[in-house]
Amino acid sequence: MNQPATSRPARLNGAADAFSTDDLRWVVSQFKVPEPTSIFLFPRRGNINLHTYEVHAGDAIYLLQKINPVVFVSPQRVVEAELASIGAQREALKAHPVPGWRHIELVDTVEGSPWLDLSDESGKSIWRLMVYIDESVCYKSLSELPAREDQLALAKETGRGLALYSKLTSSIDAGKVE
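The text that follows walks through the structure, step by step, so that each part is easy to find. (Residues numbered from 1 in each chain as written. Predicted model: local features only at pLDDT ≥ 70, side-chain atom pairs only at ≥ 80, totals over all residues. Heavy atoms only, no water.)

### Description of the packing of aromatic side chains
As enumerated under the stated definition, the model contains 2 aromatic pairs in all. Judged by centre distance (5.1 Å) and plane angle (75 degrees), the ring pair of Phe 19 and Trp 127 falls under edge-to-face. Linking Phe 19 in the segment before α1 (21–29) with Trp 127 in strand β5 (residues 126–131), this pair joins segments that are 108 residues apart in sequence. Judged on exposure class, the residue Phe 19 and its partner Trp 127 are both buried. Judged by centre distance (6.5 Å) and plane angle (65 degrees), the rings of Phe 42 and Tyr 132 are edge-to-face. Of this pair, Phe 42 sits in the loop between β1 (37–41) and β2 (51–57) while Tyr 132 sits in the loop between β5 and α3 (148–168), placing them 90 residues apart in sequence. (Phe/Tyr/Trp six-rings, centres within 6.5 Å; stacked < 30°, edge-to-face > 60°. Helix = DSSP H or I, 4+ residues; strand = E, 2+ residues; numbered from the N terminus. Buried < 20%, exposed > 50% of the residue type's maximum accessible area, 1.4 Å probe, protein only.)

Listed below in structure tokens is the structure:
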């Protein structure tokens with residue numbers, strides 16, 4: 001059963017940067033996902049958001065992420081910009097579908113917010129839960145692919161993806177996304 005945010009464990013303050021399985025289960029319980037859940041360290045996490053976990057709940061897989069407050073001094077703005085991006089993509093895709101394109105889907109908290117805010121006087125602590133995009137692959141570097149032709153093919157596909165993303169999000173008013 002999902003627990004209200006007011007019952008959070010005291011050790012989950014804004015300064016926390018190490019999390020037990022129980023801590024992570026509590027964080028996941030604050031989002032609208034079925035129980036029981038299994039939580040694993042996401043093996044291909046990036047260089048920015050170091051606290052990224054793979055969550056299995058029901059028949060779905062999610063990514064749980066604490067937005068790095070050292071890199072992003074206003075982590076809630078990251079999610080606000082992400083929401084603007086998602087909205088723009090949805091609208092663009094209605095008019096001009098792109099076969100195979102999937103945008104990020106955020107999962108709301110049980111209280112209806114697109115992020116969980118555990119910030120307090122100790123520091124910022126903003127969490128988001130995203131639906132895992134099947135068949136997606138993460139690379140930190142093209143050098144992870146041994147064959148040069150595979151590196152070039154991936155670079156080309158990455159460029160194509162960035163161009164499509166730019167086209168799908170071109171309606172965003174940059175003045176509203178800080």
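### Examining the nonpolar core
Residues Val 27, Phe 31, Leu 64, Trp 127 and Leu 129 are the most contacted members of the largest nonpolar core, which totals 20 residues. Broken down by secondary-structure element, the contributors of at least two residues to this core are α1, β2, β3 (60–67) and β5. Looking at this core element by element, the count peaks at 4 residues for α1. With residues near it in sequence (within four places) discarded, Leu 64 still touches Leu 24, Val 27, Val 28, Phe 31, His 51, Thr 52, Tyr 53, Val 55, Trp 127, Arg 128 and Leu 129. Formed by 9 residues, the second largest nonpolar core is a distinct cluster that contains Leu 63, Ile 86, Ile 126 and Met 130. (Core = buried A, V, L, I, M, F, W, Y, C linked by side-chain atoms within 4.5 Å. Contact = heavy atoms within 4.5 Å.)

### Considering the environment of His 96
Secondary-structure assignment places His 96 in the loop between α2 (75–95) and β4 (116–117). Residue His 96 is classed as exposed on the basis of its relative accessible area, which comes to 57%. The sequence separation of His 96 and Leu 168 amounts to 72 residues, and the corresponding C-alpha distance is 9.1 Å.

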